[in-house]
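Observations on chain architecture
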There are 2 protein chains.
Amino acid sequence: MKKFKQLGLIGCGMMGGSFAKALRRAGLVERIVGYSKSPTNTEHAKRLGIVDEAAASALQAVMGSDLILVAVPVSATGEVFKAFRLGLSKDSLVMDVGSTKQDVIATVEVIFGELPTHFVPAHPIAGKAGAGIEEAEVDLYTDRRVILTPTARTHEDAIAKARALWQALDTQVFTMTAAQHDGIFAAVSHLPHLLAFAYIHGIAGQADAQQFLHMAGPGFRDFTRIAGGDVDVWRDIFLANRNEILKQLAITRTSIEQMEKALQSSQSKPLRDLIEVASVVRNGWSINKSMTQHV
Amino acid sequence: MKKFKQLGLIGCGMMGGSFAKALRRAGLVERIVGYSKSPTNTEHAKRLGIVDEAAASALQAVMGSDLILVAVPVSATGEVFKAFRLGLSKDSLVMDVGSTKQDVIATVEVIFGELPTHFVPAHPIAGKAGAGIEEAEVDLYTDRRVILTPTARTHEDAIAKARALWQALDTQVFTMTAAQHDGIFAAVSHLPHLLAFAYIHGIAGQADAQQFLHMAGPGFRDFTRIAGGDVDVWRDIFLANRNEILKQLAITRTSIEQMEKALQSSQSKPLRDLIEVASVVRNGWSINKSMTQHV
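Read on for a plain summary of the structure. (Residues numbered from 1 in each chain as written. Chains lettered and ligands numbered in written order. Predicted model: local features only at pLDDT ≥ 70, side-chain atom pairs only at ≥ 80, totals over all residues. Heavy atoms only, no water.)

**Here's the deal with the packing of helix α5 (residues 102-112) of chain B against helix α7 (residues 178-204) of chain B**
In a pair of packed helices, the angle between the axes and the distance between the axes together describe the arrangement. All names here are of chain B. Interhelical geometry of α5 versus α7 gives an angle of 140° and a closest axis separation of 8 Å. With respect to α7, the axis of α5 lies oblique. Residues Gln102, Asp103 and Ile105 of α5 form the contact with α7, whose own contacting residues are Ala178, Ala179 and Asp182. Looking at the contact of α5 with α7 residue by residue, the classes come out as three nonpolar, one polar and two charged. (Axes fitted to C-alpha atoms, helices over the stretch in contact; angles between N-to-C directions. Helix = DSSP H or I, 4+ residues; strand = E, 2+ residues; numbered from the N terminus. Parallel < 35°, antiparallel > 145°, perpendicular 65-115°, else oblique. Contact = heavy atoms within 4.5 Å. Nonpolar A, V, L, I, M, F, W, Y, C, P; charged D, E, K, R; others polar.)

**Re the pairing of strand β4 (residues 67-70) of chain A**
Looking down a regular strand, the side chains alternate between one sheet face and the other. Residue and element names in this part refer to chain A. By the alternation rule, side chains of β4 split into Leu67 and Leu69 and Ile68 and Val70, which are all buried. Inspection of the sheet shows strand β1 (residues 4-10) paired to β4 by four bridges, in the parallel sense. By the bridge assignment, isoleucine 10 is partnered in β4 with valine 70. Handedness of the crossover joining β4 and strand β5 (residues 93-96) through helix α4 (residues 77-84) is recorded here as right-handed. (Buried < 20%, exposed > 50% of the residue type's maximum accessible area, 1.4 Å probe, protein only. Pairing = 2+ DSSP bridges. Right-handed = clockwise from strand over helix to strand, strands pointing away.)

**Notes on unusual backbone geometry**
In this model, A:Asp170 sits at a positive phi of 60°, which is unusual for a non-glycine residue. Residue position: A:Asp170 is located in the loop between α6 (156-168) and β8 (172-175). Of note in the backbone geometry, B:Ser266 takes a positive phi value of approximately 45° without being a glycine. Residue position: B:Ser266 is located in the loop between α11 (242-264) and α12 (268-284). With relative accessibility at 37%, the residue B:Ser266 sits in the partly exposed group.

**Looking at the nonpolar core**
The biggest cluster of nonpolar side chains holds 86 residues, and the ones touching the most others in it are A:Phe238 and B:Phe238. Apart from residues lying up to four places away in sequence, A:Phe238 is in contact with A:His190, A:His193, A:Leu194, A:Phe197, A:Ile245, B:Met259, B:Leu263, B:Leu271 and B:Ile275. (Core = buried A, V, L, I, M, F, W, Y, C linked by side-chain atoms within 4.5 Å.)

**As for the relation of the copies chain B and chain A**
Mapping chain B onto chain A is achieved by rotating through 180° and translating by 0.0 Å along the same axis, at an RMSD of 0.1 Å. Taken together, the rotation and translation describe the operation of a two-fold axis. If distances are taken from each C-alpha of chain B to the rotation axis, the shortest is found for B:Phe223, at 2.0 Å. Both copies contact each other with a shared surface, as 100% of the interface residues of chain B are interface residues in chain A too. (Least-squares fit on C-alpha atoms with pLDDT ≥ 70 in both.)

**Structural notes on the side chain of B:Ser255**
Secondary-structure assignment places B:Ser255 in helix α11. Owing to a relative accessible area of 3%, B:Ser255 belongs among the buried residues under this scheme. Apart from the residues lying within four places of it in its own chain, the contact partners of B:Ser255 are A:Ala198, A:His201, A:Gly202 and B:Leu274.

**Quick word on the interface of chain B and chain A**
Across the boundary between the two partners, chain B contributes 87 residues, which contact 87 residues of chain A. Together chain B and chain A conceal approximately 8,200 Å² of surface at their shared face, both sides included; 69% is due to carbon and sulfur atoms. Remark: the boundary between chain B and chain A carries eight salt bridges. Close ionic contact of A:Asp232 with B:Arg272 constitutes a salt bridge, the shortest N to O distance being 2.7 Å. If you look at where chain B meets chain A, you find 36 residue pairs in polar contact (both at pLDDT 80 or more). Every element with two or more residues in the side of chain B that touches chain A is listed here: β7 (145-148), α7, α8 (209-215), α9 (218-224), α10 (231-240), α11 and α12 of chain B. For the side of chain B that touches chain A, the element with the most residues is α7(B), which contributes 18 residues. (Buried area = accessible area lost by both parts, 1.4 Å probe. Salt bridge = Lys/Arg side-chain N within 4 Å of Asp/Glu carboxyl O. Polar contact = N/O pair within 3.5 Å; in protein donor to acceptor, adjacent residues only side chain to side chain.)

**Structural notes on α6(A)**
All names here are of chain A. Along its 13 residues, α6 runs 18 Å from first to last C-alpha, staying within 8% of the 18 Å computed at 1.5 Å per residue. Listing the buried residues of α6 in full gives Ala158, Ile159, Ala162, Leu165 and Trp166. Considered in projection along α6, the buried side chains sweep an arc of 130° and stay on one side of the axis. (Expected span 1.5 Å × (residues − 1). Arc of directions from axis to C-beta.)

**Digging into the sheet that holds strand β3 (residues 53-54) of chain A**
By definition, the strands of a sheet pair up through backbone hydrogen bonds, in either a parallel or an antiparallel sense. All names here are of chain A. A sheet is described by the order of its strands in space; here five strands give the open sequence β3-β2-β1-β4-β5, paired in parallel fashion. At either margin of the open sheet sits one strand with a lone partner, and together these are β3 and β5. Where strand β2 (residues 29-35) meets β3, two bridges bridge the pair, whose relative direction is parallel. Bridging across to β3, valine 33 finds its partner in glutamate 53.

**Some remarks on the packing of helix α11 (residues 242-264) of chain A against helix α12 (residues 268-284) of chain A**
Residue and element names in this part refer to chain A. Between α11 and α12, whose axes approach to 8 Å, the crossing angle comes to 145°. Between α11 and α12 lies a crossing whose hand is left-handed. Where α11 approaches α12, its residues Ser255, Gln258, Met259, Ala262 and Leu263 are matched on the opposing element by Pro270, Leu271, Leu274 and Ile275. Partitioned by chemical class, the residues of the contact of α11 with α12 number seven nonpolar, two polar and no charged. (Left-handed = near helix turned anticlockwise from the far one by under 90°.)

**Some thoughts on the environment of B:Ala58**
All names here are of chain B. Relative to the elements of secondary structure, alanine 58 occurs in helix α3 (residues 58-62). In this structure the C-alpha to C-alpha distance between alanine 58 and aspartate 143, which are 85 residues apart in sequence, comes to 30 Å. Not counting chain neighbours up to four residues away, the residues in contact with alanine 58 comprise Ile10, Tyr35, Val80, Ala83 and Phe84.

**Thoughts on the side chain of B:Arg235**
Mapped onto the elements of the fold, B:Arg235 is located in helix α10. Ignoring sequence-local partners within four residues, the contact set of B:Arg235 consists of A:Ser268, A:Leu271, A:Arg272 and A:Ile275.

**Points about the sheet that holds strand β7 (residues 145-148) of chain A**
All names here are of chain A. On the basis of which strands lie adjacent, the open sheet formed by three strands has the order β6-β7-β8 and mixed pairing. A strand with exactly one partner marks an edge of an open sheet, and here the two such strands are β6 (122-125) and β8. This sheet shows a mean twist of 20° between the axes of neighbouring strands, independent of strand direction. Helix-sheet contacts for α6 involve β6, β7 and β8, and the interaxial angle to β7 is about 170°.

Shown next as structure tokens:
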């Protein structure tokens, strides 16, 4: 694909830095201008050679860039789009990397009035423990999946460019609506996190908590692993995707209440039927038939 | 410790067969008489040399045995105790291996009127995939934990004998009340299973289930692993320990509702506080500080 003249990297952290490294290695960019809220981060990115120039503002990083990647915490999306809005040339490809998509699109729409035609919301399904530019890895996205959620206003050539770019970084690209994306991840990732957090919170609040934790084993370990997730990241995801998560929670709650009713009245049959559905579905599922890199 | 003259093994399956093998290897028994509901199983156990004699009834297996192990599904406990009640000599050590204890004790009490003074309810925390005598392993209990839940009527020497026996099989022995046992396992094992079953059941019932499962990753895999558990085993455990499980479920439900309320009203602070408690507790927990063999 055609090389980009300049990448404007908004957010010089682990996600953005990894993208910059991969783009450069693929020979897809001539120059990278980086901006972070904290000048120290931006300077650090420059010292590490991940960006060629440290911009003093998001606006400055976007001016003259034909590719812009917004890699900031979801909660900071509005602020940065507002900051660079006037510097964005209409045919520059703009992408974000947020784990939720409907909220990002709504935020950008409010700021721009009409959504930019070359804005392609993206969710690369990749991550690692730790944050900060020093955690950036050239292969963070290699062999991972990237989900693009273009809107009705997104130009075909912007979608084609975004797809070609991510494919050139050796990722598998999926396209779906933002609603589909948010619904899927509310179901398979966000709700399980909510349930694991709630379960541990319930255990921790009990007088016997220490005794419980002392006796807990492998089943507990695996079921609760995701409850160790980053506090702010998950608060933001929950708030950003609240509608879809609440929808999924209502569905799980119905199943929980069916089990509770069966237990309260010691009804063996409905209890067994529900367990059987779950056991059969879970034993029929394999991550190999699924994505292996979602974190 | 003193060798037992005869083990009466009620239930020639994976759990009971493994106990028989281990007891024999430890040189703690002269003779093993086995009984299973299905004569084929009992004969199979004899052919494999795990039992010396195949009894035609539970009563026959118990007559003349100074050690009796009941290793049948929790739901069959009453039936077998009733069957051998009249053949039991009062100073024979009787143990079961059920995952729940209050219900077993209540069942036996109903059958015997007064609990046998040499009945020591036991829960060896060990298991493996698969059932049946051919799955029996001499080391199934080695280095595992065994929880004894004697009652007020249990004689001290019966408890001492049971403890010495399990220690001779290289297990770590804990003693607690049946109520403590059932409360602990409702919290760290039974409730997580219930939540995982309910979650998968909720996913499976949706039109988009296949799409969800296709996009699910490692977080989903670990959170739901226990939802693949055996249907009848878990139905029995849930019914047997329903009161403790319902108590724990009510506590988790309160935490879930706190998160739901915070989401509905987009309240960042209470949401973050709850996630933080869970994340800190989970990251501070390690299975190495805990039992490593609970399955």
